[in-house]
Amino acid sequence: MSQSTNQTMSKFYLTTPLYYPNARPHVGSAYTTIVCDVIARYKRMCGYDVAYLTGTDEHGEKLQRAAEAAGIAPADFVAEKRKLFIDLWKKLGIDYSHFVYTDQPEHVKSVQRLIRLAQKNESIYKSHYQGRYCVHDERYVSDGTDPADCDICGRPAELINEQNYFFKLSAFQDRLLDLYDKRPDFVQPDYRMNEVKSFVKGGLRDISISRRRLKWGIPWPDDPEEVVYVWYDALAGYMTGIGYAEGESGSAEFHKLWPADLHMIGKDILRFHAVYWPAFLMAAELPLPQTVFAHGWIYYEQDKMSKSKGNVVYPEPIVDALDSFGAPGNDALRYYLLRDTPFGQDASFSYDGLIQRYNSDLANDLGNLVSRTLTMMVQYFEGTVPSPSTLTTGDDDVRNLAERAADEFNGCFRHYWFPQGLDAVWTLIAKLNQYLVENQPWVLAKDPHKRDRLATVLWITGESVRFAAALLYPVIPKAAMKVWRHLGLGGSPADMTDVRIQLVWGGLEPGAKVGKPEAIFPRLDKAVTLAKLNELAEADRKGHPAPTEKEKTSVETPSGEKPATSEPAEAQPVAAPVATPEWQGSTGFQPVKEETARMAVPQTASKISIEDFAKVEMRVGEIISAEPIPKATKLLKLQVDIGTEVRQVCAGIAEHYQPEQLVGMKVVLVTNLQPRKLRGVESNGMIVAASVGDDGRPVLVTFKEDVPKGARLR
Ligand code: MSP
């Protein structure tokens, strides 16, 4: 069955972020690792020689303090926590090839080498840093002595006065902009590239890349009083893990694999990867990665997961609960995360959603199809694959659809459009279920003259299921493998070296012995499963006590910071309280203050009369265009048709809605507000949105029924 094109295999090197091992990984942190596992498996099937690196980012003040709070030496603390990551990846079946941790001895050499190269090229200088630092929020409050108090928590901020090494980031502005212009795929999705570009165009300032007060880090080359800024240290981990520290300039493997083809990251750490990292590499004259892809966040209960908020979901009890009902827990979780998250955007995780998606797609659509097909092969053909004969147009249609599904799936997965790729497979699955209903093999089976037709119908179905199993392998590897085996196929879908080429119609072998039609995807009873999920999650919580108050403070999220810091980005990015674009993260730049144009309801609003309410005119409008506003990362400029006219409105929703997602949406517009200018753009009305969670995520009000434009809300 192997028809692999035996050309030299291209390499594909992909990485997850290196996780802070200050807390155990939750579903949010597992998300990137799962996505990368799917990509790694898919790329291997496409014939790439794949290297997949993950690991832990173990230095910095947060970890030092977390270790102090736990009363353990930092090295022991991180080693213990690192294990939690390794154990979880094992449980989730993550098939990575390289694991790096920044406390490993070679990493010192790697980082120091990178710094020496930048020094040689005069990209580093020593200077004095003075600024206020808020220990509670782990952020620099100002570059000078004022203000003295933290503007977020109000606590007095410490005055930091030290000699630091600075990286000449400002000198790289033009080269970075040139990079973005010449390689538009460098940052994906493209709307993130626009954010990065406008950020860099806004001007770059040099950054401090060492810390004097901190002990837990990589010693600065020839100046052991200083340790290297934790992000400089961590990013270099992508190279340490593949042998950069070896020899004069890295091992043979390093030269084969570098530069990375894909750094998959969450949107909160985009600046470090799309601005700092290429600048650090340029300074060392090293090749730049191909693509940095920033995905969205996984929310839980309408809020970003955060250990300190107590709304974290862990993967282990989910997998165990589903496994306990005979369902493939890992596959179900992977499928749900990929299928229900428009890749790149934020998504909400819920147990309900997981069960529903599992039942409808895996148990009903795919599971029923597989078990019906196998059952009939067992019943009517003594458990063997029947042999097809004369084909009808209907049979050819199925074949065409299967081939089209493979093409579409590839077209989508190549661009990391996971839900769309999966949709293509489900179109095929739906068609097959319909094909069975139309051809009624159970009726054909009653007539001995129709045996050939029966055989053909079942073979066509089985062959198409083979297509589906192969395509789904990267996402649901265990279940796909089971289906594969049950169809009497040898090897594994993973052995295929090119998804499209291998999926040549006709691979299902007549006469092959099929497996017993056991339920690969048993249906889950919602109430019973929910109870089990909650029970196991509760037991899991008890087995992993929440951090003490002291530990909490030491791992709590910092916020938007000033340029010259050497702090790590937030340990739990999911808890950032400030209104900065998430990717501007914690280190570096002040949040740009933007007025938001959405309606917020004060918690303590006093009562108003109906007459007062009647003063507010709200109408239904249809968004006919939406576009970003340059240099205003939170705002979108919308044209809203309210029936009698088209209104231009600026809305502070850019971080949560993509422009293309909004066009055609019916929304509620407050139409009798005084027009005002936001960032120099006139806004004539206000879109009504719910403000959800601590960070006030806007959720636009819309309608389930079709409502005419201009209709008044009363
Ligand atoms: N240590 C740095 C990365 C250094 S890479 C050289 C770091 N670590 S982290 O543990 O705080 O976050 C790691 C990744 O997990 C980030 O990409 C972050 O976006 C991701 N996630 C953490 N919580 C998440 C969700 N709730 N949802 C999706 N991804 C989330 O940053």
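Look a little higher up for the structure.
Counting restarts for each chain, with residues numbered from 1 along the sequence as it is written. Selection of residues for local features in this predicted model requires a pLDDT of at least 70, selection of side-chain atom pairs for listing and counting requires 80 or more, and totals for whole chains, interfaces and linings are taken over all residues. Remark: hydrogens and water are excluded; side-chain values derive from all non-hydrogen atoms of the structure.

1. Description of the sheet that holds strand β13 (residues 291-295)
Whether parallel or antiparallel, the strands of a sheet pair through hydrogen bonds between backbone atoms.
Phase 1: Think of it this way: DSSP has to see at least two bridges between two strands before they count as a pair. To qualify as a helix, a DSSP run of H or I must reach at least 4 residues; to qualify as a strand, a run of E must reach at least 2; elements of each kind are numbered from the N terminus. The strand order β3-β2-β1-β12-β13-β7 describes an open sheet built from 6 strands, whose pairing is parallel. The sheet terminates laterally at β3 (98-101) and β7 (187-188), the two strands that pair on one side only.
Phase 2: Looking at chain direction, β7 and β13 are connected through 2 bridges and run parallel. Within β13, the residue paired with Gln188 across the bridge is Phe293.
Phase 3: The sheet contacts of helix α1 (residues 27-45) involve β1 (11-19), β2 (49-56), β12 (262-266) and β13, and relative to β1 the element is tilted by about 170°.
Phase 4: Of the strands in this sheet, β1, β2 and β3 are in contact with helix α3 (residues 74-91), which crosses β3 at around 165°. Note on definitions: a residue-residue contact is assigned when non-hydrogen atoms from the two residues lie within 4.5 Å. All axes here are fitted lines through C-alpha atoms, helices being fitted over the stretch that makes contact, and every angle between N-to-C directions spans 0 to 180 degrees.

2. Thoughts on a nonpolar patch on the surface
Phase 1: Surface patches are defined over residues having more than 30% relative accessible area and no salt bridge, joining like charges when they lie within 9 Å and nonpolar side chains (Val, Leu, Ile, Met, Phe, Trp, Tyr) when within 5 Å. Computed with the Shrake-Rupley method and a 1.4 Å probe, the accessible areas treat only the protein chains shown as cover for residues. Salt bridges, as used here, are contacts in which a Lys or Arg side-chain nitrogen is within 4 Å of a carboxyl oxygen on Asp or Glu. A cluster of nonpolar side chains, Val437, Trp442 and Val443, forms an exposed patch at the surface whose accessible area comes to about 240 Å².
Phase 2: With respect to the element layout, Val443 can be found in helix α15 (residues 441-444).
Phase 3: Exposure remark for Val443: the relative accessible area of 40% places this residue in the partly exposed category. Whether a residue is buried, partly exposed or exposed follows from its accessible area with a 1.4 Å probe, protein chains only, as a fraction of its type maximum: under 20%, in between, or over 50%, in that order.

3. Considering the packing of helix α12 (residues 351-380) against helix α16 (residues 451-472)
Phase 1: Contact geometry for α12 and α16: axes closest at 10 Å, N-to-C directions at 140°. Taken together, α12 and α16 sit at an angle that is classed as oblique. Crossing hand, α12 versus α16: left-handed. Together, Leu366, Leu369, Val370, Thr373, Met376, Met377 and Tyr380 of α12 and Arg451, Leu454, Leu458, Thr461, Gly462, Val465 and Leu472 of α16 make up the contact between the two elements.
Phase 2: Amino acids outside the nonpolar list (Ala, Val, Leu, Ile, Met, Phe, Trp, Tyr, Cys, Pro) and the charged list (Asp, Glu, Lys, Arg) are all regarded as polar, and Gly is one of them. Here the residues of the contact of α12 with α16 sort into 10 nonpolar, 3 polar and 1 charged. Note on terminology: angles under 35 degrees are roughly parallel, angles over 145 are roughly antiparallel, angles of 65 to 115 are roughly perpendicular, and the others are oblique. Take the far helix as the reference: if the near one is turned anticlockwise from it by less than a right angle, the crossing is left-handed, and if turned clockwise, right-handed.

4. A look at the sheet that holds strand β10 (residues 219-220)
Phase 1: Pairing is antiparallel in the open sheet, where 3 strands are placed in the order β9-β11-β10. Taken across any chain shown, the strands that pair with only one partner, and hence form the sheet edges, are β9 (210-211) and β10.
Phase 2: Sheet analysis places β10 next to strand β11 (residues 223-228), joined by 2 bridges and oriented antiparallel. The residue bridging Pro219 from the neighbouring strand is Val227, located in β11.

5. Some remarks on the environment of Val437
Phase 1: Inspection of the secondary structure puts Val437 in helix α14 (residues 418-439).
Phase 2: Relative accessible area serves as the criterion here: at 48%, Val437 is assigned to the partly exposed category.
Phase 3: The contacts of Val437, once residues within four sequence positions are left out, are Arg372 and Trp442.

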